[in-house]
Amino acid sequence: MGSPGPRGVAGPATLARPDPMLPRPFLVRRTRQDTRDTYTLQLEPADGEPLSWAPGQFIMLHAFGVGEAPISITGDHTRTDRLEHTIRNVGSVTAALIAAAPGTVLGVRGPFGTGWEVATGQGADVVFVAGGIGLAPLRPAILELIGRRADYDRVLLLYGARTPEDILFGDDLRSWAERHGIVVEVTVDNGQHAWRGRVGLVTQLITMAGFDAVPALALVCGPEVMMRYAAQALSGRGVQPERLRLSMERNMKCGVGLCGHCQLRELFLCVDGPVLGYDRLAPLMARAEL
Amino acid sequence: MQTIEQYLPEHPFFHGLDAATTDLLAGCAVNVHLRPGEFLFREGEPADHFYVLRSGRIAIEVRTPGRPIVLDTAEDGEVVGWSWIVPPYLWTFDGCASTDLSAVAFDAVCLRAKCLTHPLLGYDLMMRFVQLMNKRVLSARIRLLDLYGGGHG
């Protein structure tokens, strides 16, 4: 979590790097199409030097000649020899990124920001709540937890997608449920096409889920409106605000707290976030025009 | 399986009702069981019941010229149906079992009559169903935003 106290323009992790504004060259290793508009890129450092990062952090991914976008990291954080990013095609930069053929050089700045700190949930129930492509930034935390599964009590993944065709990481969802004892509950907004599963809002899953709320750790990622309602539902169940963490995204640009594009009142989300506790976010999320 | 008399007082929807009211509700209720594909109710038919789902899942569907579209699902523990309390007391959508389904069916004709003669009971039940309606409307409105489909997330 980001420190609530005074801070400089860049955190210690940023200062340790030679120049956080300089992209490192990474090569596209492979690209996998996940859904109609979403792809997962696997990258490896062109110079072979590993890149350490924490689940929940993001990088700035640069398509040379097109532009740069903040992209969360999707893969296993123990694999410092590669990066995985799940990217939805929503604009010119993301279109260029997902079109990059194997061997293409992309620029990587970062990692930036705060992580999920899933280990703070050891000994308690852990609830992941994901909406849409918000499952991608949660995946590294789930993988980290699975690496020490016995240290956690009940683990639930409550996932809302737009349609059955938009459900991400289907193989992972099955494996997490069948091999790692994670309760995976999925709902979709639109249940056409012979879908026999749940249709409804992801917050409904929170209401019905079986977990011990007071000591639980809850990690939430998705569109901000969805997170606001999910946080209210989790808080209503009794999850403590400081153990309820959300990943906020607000137009990150520089990644080092200089440009102010990602400012949320007193916070620069690229350094204070993206992962923040509901104890800090609740008053900000409740205010209009922030 | 618990009897209806045992089940109702423990259900959150009925929490706080006095024993006489719970007994009255239980007296208007029967267990029903459906197989996948069977309908609990059909659009346009008289809404003479509401249901508490004990196990299984139901799809709230709207008919289209092609396949039906699922608007919502409900499952174990959820209460389904408020058309019984809203004139002209006709179902607005279809309710089709997605799985094997067990539910408690409440005789709404009987309950409507009781609510007329016992306004406090009517008010109490209305408050409970308004919360159910509010939850469903909130869900529908947020999903109308198509949060996962636009430039979000």
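(A) Here's a closer look at the overall build of chain B. The number of helices and strands found in chain B is 4 helices and 8 strands. Ordered by position from the N terminus, the helices and strands of chain B form the series α-α-β-β-β-β-β-β-β-β-α-α. Here the C-alpha atoms of chain B give a radius of gyration of 16 Å, agreeing with the 15 Å that 2.2 N^0.38 yields for 153 residues. The dimensions of chain B, computed from C-alpha atoms along their principal axes, are 50 × 30 × 30 Å. Counting contacts in chain B only where the partners sit at least 6 residues apart, residues at least 24 apart contribute 75% of the total. As displayed, chain B offers around 7,900 Å² of accessible surface, 59% of which is attributable to carbon and sulfur atoms. For chain B, the distance from the average position of its 13 positive side-chain charges to the average position of its 18 negative side-chain charges is 4 Å.

(B) Region of the structure containing the overall build of chain A. Helix and strand counts for chain A come out as 8 helices and 15 strands. Each principal axis of the C-alpha distribution contributes one length, and for chain A these read about 45 × 45 × 40 Å. The buried share among the 290 residues of chain A stands at 56%. The long-range share in chain A, meaning contacts at least 24 apart out of those at least 6 apart in sequence, stands at 71%. Summed over all atoms, the accessible surface of chain A reaches about 11,700 Å², with 51% contributed by carbon and sulfur. Placing the 29 positive and 30 negative side-chain charges of chain A at their respective mean positions leaves the two points 2 Å apart.

(C) Expanded view of the side chain of E78(B). By the secondary structure assignment, E78(B) is in the loop between β5 (69-75) and β6 (79-80). Taking relative accessible area as the criterion, E78(B) reaches 7% and is therefore assigned buried. Contact partners of E78(B), with chain neighbours within four places excluded, come to Q204(A), M208(A), Y51(B), V52(B), L53(B), T73(B), K135(B) and R136(B).

(D) Layout of the pattern of salt bridges. For the structure on display, the rule yields 25 salt bridges over all chains. Notably, a salt bridge pairs D81(A) with R79(A), separated by 2.9 Å at the nearest N-O pair. The partly exposed category is assigned to R79(A), whose relative accessible area is 35%. Note that D94(B) is salt-bridged to R63(B), the shortest N-O span being 3.0 Å. Of this pair, D94(B) sits in strand β7 (residues 94-97) while R63(B) sits in the loop between β4 (57-62) and β5, and the two are 31 residues apart along the sequence. Salt bridges sharing common partners tie together E185(A), R198(A), R57(B) and E75(B).

(E) Seen up close, the sheet that holds strand β3 (residues 58-63) of chain A. Residues and elements named next belong to chain A. In spatial order, the strands read β4-β3-β6-β1-β2-β5; together these 6 strands make up an open sheet with antiparallel pairing. For this open sheet the edge positions go to β4 (67-72) and β5 (83-88), each flanked by a neighbour on one side alone. Neighbour to neighbour, the strand axes of the sheet diverge by 40° on average, direction disregarded. In terms of strand pairing, β3 meets β4 through 6 bridges, oriented antiparallel.

(F) A look at the sheet that holds strand β10 (residues 198-199) of chain A. Residue and element names in this part refer to chain A. Strand order in this open sheet of 7 strands is β10-β9-β8-β7-β11-β12-β15, and the pairing throughout is mixed. The sheet is open, and its two edges are formed by β10 and β15 (275-277), each paired on a single side. Relative to strand β9 (residues 182-188), strand β8 (residues 155-161) is paired through 7 bridges, and the arrangement is parallel. Note that in β9 the partner of L156 across the bridge is V183. Packing against the sheet, helix α4 (residues 170-180) makes contact with β8 and β9, and its axis sits at approximately 150° to β9.

(G) Structural detail: the packing of aromatic side chains. Residue and element names in this part refer to chain B. Under the counting rule described, the total for this entry stands at 11 aromatic pairs over all chains. Seen from their ring centres, F50 and F129 are 4.9 Å apart, and the 85° between their planes marks the pair as edge-to-face. In this pair, F50 is assigned in strand β3 (residues 49-55) and F129 in helix α4 (residues 119-144), connecting sequence segments 79 residues apart. For F50, a relative accessible area of 0% puts it in the buried group. Both rings, one in Y51 and one in W91, keep their centres 6.3 Å apart while their planes meet at 25°; by these two values the pair is stacked. You can see Y51 sitting in strand β3 and its partner W91 sitting in the loop between β6 and β7, a full 40 residues away along the chain. As far as the burial class goes, Y51 and W91 line up, both buried. Cluster of aromatic residues (ring-pair linked, three or more members): F13, F14, F50, W84, F106 and F129.

(H) How the structure looks around the environment of V28(A). Residues and elements named next belong to chain A. Positionally, V28 belongs in strand β1 (residues 24-33). Separated by 15 residues in sequence, V28 and L43 place their C-alpha atoms 4.6 Å apart. If we skip the residues at most four places from it in the chain, V28 touches Q42, L43, A100, A101, P102, G103, T104 and L106.

(I) Highlighting the interface of chain B and chain A. If you look at the interface, chain B gives 25 residues, while chain A gives 25 residues. Both sides together, the interface formed by chain B and chain A hides about 2,300 Å², and carbon and sulfur atoms give 55% of it. On the surface where chain B and chain A come into contact, there are 2 salt bridges. Between E75(B) and R198(A) there is a salt bridge, with its nearest N and O atoms 2.5 Å apart. Here chain B and chain A share 6 residue pairs in polar contact (both at pLDDT 80 or more) between them. For the side of chain B that touches chain A, the elements supplying multiple residues, two or more each, are β4, β5 and α4 of chain B. Residue contributions to the side of chain B that touches chain A peak at 6 residues, all from β5(B).

Calculation notes
- Residues numbered from 1 in each chain as written.
- Chains lettered and ligands numbered in written order.
- Predicted model: local features only at pLDDT ≥ 70, side-chain atom pairs only at ≥ 80, totals over all residues.
- Heavy atoms only, no water.
- Helix = DSSP H or I, 4+ residues; strand = E, 2+ residues; numbered from the N terminus.
- Rg over C-alpha atoms; globule rule 2.2 N^0.38 Å.
- Contact = heavy atoms within 4.5 Å.
- Areas by Shrake-Rupley, 256 points an atom, 1.4 Å probe, with all protein chains shown as cover.
- Lys, Arg positive; Asp, Glu negative; His and termini not counted.
- Charge placed at Lys NZ, Arg CZ, Asp CG, Glu CD.
- Buried < 20%, exposed > 50% of the residue type's maximum accessible area, 1.4 Å probe, protein only.
- Salt bridge = Lys/Arg side-chain N within 4 Å of Asp/Glu carboxyl O.
- Pairing = 2+ DSSP bridges.
- Axes fitted to C-alpha atoms, helices over the stretch in contact; angles between N-to-C directions.
- Phe/Tyr/Trp six-rings, centres within 6.5 Å; stacked < 30°, edge-to-face > 60°.
- Buried area = accessible area lost by both parts, 1.4 Å probe.
- Polar contact = N/O pair within 3.5 Å; in protein donor to acceptor, adjacent residues only side chain to side chain.

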